[in-house]
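An overview of the molecular structure
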Amino acid sequence: MQQWIERAKQGNREAFDLIVRRFEAMAYAVAYERLRDSHLAEDAVQEAFAEAFIHLRKLKEADAFPGWFKTIVIRQCHRLVRRKRHPTVPFDQLAQTIGRQPSVPEIVERKEMQQCLHDSIAALSSNLRVTVQLFYFHGYSLPEISAYLGTPVPVLKKRLFDARAKLKGKLPVADFVSVFHQLYEGGKRMLHIVNGDTVAEKLRQGVVQGDILVWREVYPEGPVFIDSAEETNRSVRARYLEQAMGIPSAEFVRLSEEQEKVRADFRKYEEIVLWFEHDLFDQTMLCCLLHWFAQQSLGATKLSLLCIGAFPGIELFRGLGQLSVNQMATLSGTWQAIGKEQLELGTIVWEAYCAPDPGKLVQLLEEGDTSGLPYVRDAFRLHLSRFPSTRNGLGIVEQTTLEMVRDGTTSPLDLFGHIGNQLHGLGMGDLQYWHRLAKLSQGPHSLLKLEGLSAFPGYKDPASPLRQSTVALTEAGRKVLDGEEDWIALNGIDEWYGGVHLQGRSIPWRWDASQNTLVPGTIADGQH
C-alpha cells in the first residue's frame with residue numbers, strides 16, 4: 001500500500017487505480033450510510049477519488065491515507081447533499097449497487113431470505129451496520145477497517161459480536177454468518193485445519209472466513225498407526241503420551257474424538273484448507289490427514305493446501321505462528337488444490353512412516369518422487385536421523401544437546417531454544433524436548449546430570465522451575481560424545497520412531513551419518 005501511494009504521488013495512474021480498487025467498496029459503504037442514496041453515494045466516491053488524486057502530494061504519511069481519504073469522502077457527501085438530491089433507493093436494492101461476490105440464484109426461498117437479511121441489517125445502528133457491511137459484504141480485514149474508520153480493532157470486534165447477537169434474534173436461522181455464506185458465497189462454506197492455537201487465533205482476526213479446526217497431535221512421538229482413529233490404537237497412544245510427556249490420557253482421547261467428529265462431517269463444507277509448515281511435526285500431521293481423506297469419497301468437497309517453509313523478511317522461519325495477522329492475511333487465498341498426486345503421496349508416506357520396518361520409508365526418500373509434497377523429503381530424512389547413530393548410539397537431538405552442554409550451555413531453557421533454532425526442521429515442542437532431556441539423565445549410565453530440578457514440567461505446567469536448574473555432562477556422557485562408548489550398549493533403549501519400536505541393546509537399525517541413511521545395526525556399533 002505504501003508503495004502504491006508513493007508512486008501515485010508522482011502521478012502514476014496505474015498505482016492510483018490499485019488504490020481505487022482497494023478502497024472503492026469501503027468508501028461507498030461510508031457514503032451510502034450518510035446519503036442513503038445509491039446514486040449520490042457513487043457520485044460522492046468518484047469525486048472523493050478525484051480530489052484525493054489531485055491533493056495526494058499533500059499527504060505526508062502514507063499510513064495516514066485511510067483516515068485522510070475517509071475525511072474527503074465525508075466532505076463530498078456534505079457537498080452533494082447541498083447541491084442535489086435523487087430519489088432514494090430502498091436498502092433491499094443495495095446489493096445490486098455494491099460490488100459483491102456471485103449473484104443470488106433466483107429461487108423464491110433465497111429471495112425471501114435475502115430480503116429478510118437486508119431488512120435485519122437495516123434495523124441495526126449505524127456503527128454496527130457499517131462494520132457488518134465492510135467486514136462481511138466487502139471482505140475487509142479488521143485492521144483495514146480500523147485504519148479507515150479510526151476505530152480500534154477491539155471495538156470493531158465488539159460491534160460484530162453485538163450485530164450477530166441482534167441478528168440472531170431476528171433471522172429464522174441459528175447464525176447470521178451461515179446465512180451470509182449461503183446467500184453471498186453461493187452456499188460456500190470453508191473449514192481451515194491448522195496445527196496450533198496461535199495460528200487459529202490469528203486466522204480468526206479477519207484473515208479468513210469459515211470454521212477453524214486445530215488438529216491436536218504429536219505424531220513424531222510414540223507409537224503411530226495407519227488408522228490412528230481406531231479405538232485400540234488411540235488408547236495405546238494415549239497411554240504412551242501420558243507416561244512420556246504427562247498428557248492426560250482422558251483428555252487426549254476426548255480431544256481426539258472431538259476433532260475426528262469435525263473431520264468426519266467434512267462433506268458439509270465446500271472447501272477444506274490445510275495450513276501446514278515444512279517441519280517434521282507438521283509434515284507427519286499433513287500426511288496423516290491426506291491419508292485419511294484419500295480413503296473418503298470427497299463428493300463436492302474441494303481439498304486445498306497452504307504449506308510454506310519461508311516467509312519474506314524472516315531470516316529463520318520456524319512456523320506460521322511467527323507471522324503477524326497482516327502477514328497471515330497475505331497468505332489468504334494462495335492455497336493450491338490438492339489433487340490425486342498429493343493424496344496418493346501422502347498415503348504412501350504415512351503408511352511407510354507407520355510401518356514397523358523403516359525400509360519402505362528409506363527407499364521412498366532415496367528413490368521415490370516426492371515432488372508433489374516438496375517438504376516431505378527433508379522432513380522425513382531428519383526423522384531418520386533421530387535413530388541411534390552407528391558412532392555412539394545418539395540420535396541427532398541427543399547428539400546436538402550433548403555438544404551444546406559440552407560447549408557451555410547449562411540452562412534447559414537455553415538448550416530448548418538452541419535446539420529449536422538449529423534443528424527447526426523437527427518442529428519440536430517443549431514437552432517433546434523435556435522427554436529427550438529426561439532420557440539423557442536416566443538409566444544405569446546417565447549422560448547428563450540435572451541440578452535444581454526434581455521433575456520436568458508436564459502438560460500445562462509452567463516452565464519456571466527450569467530457570468533455576470542446570471545441566472552438566474557426566475563422565476559417561478563425555479565418553480559417549482567422544483565415541484568411546486555407545487549409549488545403547490550402556491543403557492539399552494525403549495523408543496518409538498514412527499511405527500518402529502526399538503528395544504533392548506541389540507537393535508536392527510542405526511543412522512549412518514556418513515551415508516546419510518539407515519543401516520543394519522547391532523550392539524557392537526560405536527564401541528571401541
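Use the structure listed above.
Cut-offs and rules
- In this numbering scheme, every chain counts its residues from 1 along its sequence in written order.
- Note on the predicted model: pLDDT of at least 70 is required for a residue's local features to be given, and 80 or more for side-chain atom pairs to be given and counted; whole-chain, interface and lining totals, by contrast, use all residues.
- The side-chain quantities take in all heavy atoms of the structure and omit both hydrogens and water.
- Only one rule defines a salt bridge in this text: a Lys or Arg side-chain nitrogen within 4 Å of an Asp or Glu carboxyl oxygen.
- By definition, any uninterrupted DSSP run of H or I lasting at least four residues is a helix, any uninterrupted run of E lasting at least two residues is a strand, and each is numbered from the N terminus.
- Only protein chains enter the accessibility calculation, which uses a 1.4 Å probe; a residue whose area is less than 20% of its type maximum is buried, one above 50% is exposed, and one in between is partly exposed.
- Within this scheme, the nonpolar core is defined by two criteria: the residues are buried Ala, Val, Leu, Ile, Met, Phe, Trp, Tyr or Cys, and they are joined through side-chain atoms within 4.5 Å.
- The contact criterion used is simple: two residues touch if any of their non-hydrogen atoms lie within 4.5 Å.
- Note on definitions: the grid is 1 Å and covers protein atoms alone; a cavity is a set of points where a 1.4 Å probe fits but cannot get out; a pocket is an open set with protein on both sides within 12 Å along at least five of seven lines; lining residues have an atom within 4 Å of a point.
- Grid points are joined across faces, edges and corners, and a volume is the space filled by probe spheres set on the points.
- Note that Gly is not counted as nonpolar here; it falls among the polar residues with everything else outside the nonpolar set of Ala, Val, Leu, Ile, Met, Phe, Trp, Tyr, Cys and Pro and the charged set of Asp, Glu, Lys and Arg.

Under the defined criterion, the tally for this structure stands at 23 salt bridges. Here Glu344 and Lys340 are joined by a salt bridge, their closest N and O atoms 3.8 Å apart. Here Glu344 and its partner Lys340 are both found in helix 15 (residues 340-354), four residues apart, which amounts to about one turn of the helix. Through salt bridges with shared partners, one network takes in Glu221, Glu398, Arg436, Lys439 and Glu495.

All buried positions along helix 7 (residues 142-149) are accounted for by Leu142, Ile145, Ser146, Tyr148 and Leu149. Gly150 sits one or two positions beyond helix 7 and adopts a positive phi of about 75°.

With that settled, the discussion passes to the nonpolar core. Within the largest apolar cluster, 86 residues are counted, with the highest numbers of intra-cluster contacts made by Ile193, Ile272, Leu274, Phe380 and Phe387. Tallying contributions element by element places helix 13 (residues 280-294) first for this core, with 10 residues. The residues contacting Phe380, other than those within four sequence positions of it, are Leu280, Gln283, Thr284, Cys287, Val349, Tyr353, Leu361 and Leu365. Counting residues in hydrophobic clusters, the runner-up holds 48 residues, among them Ile19, Leu35, Phe69 and Ile145.

One pass over the structure, following the stated rule, counts five cavities of 30 Å³ or more. Reported here for the largest cavity is a volume of approximately 80 Å³. Taken together, Pro220, Glu221, Arg386, Gly395, Ile396, Val397, Glu398, Met428, Arg436, Glu495, Trp496 and Tyr497 make up the lining of the largest cavity. If you list the elements that add at least two residues to the lining of the largest cavity, you get helix 18 (396-406) and strand 8 (493-497). As for the second largest cavity, its lining consists of Trp215, Glu217, Tyr219, Ser228, Arg234, Phe252, Ser256, Gln259, Glu260 and Arg263. Of all the elements, helix 12 (residues 249-264) adds the most residues to the lining of the second largest cavity, at five residues. In terms of residue class, the lining of the second largest cavity is made up of three nonpolar, three polar and four charged.

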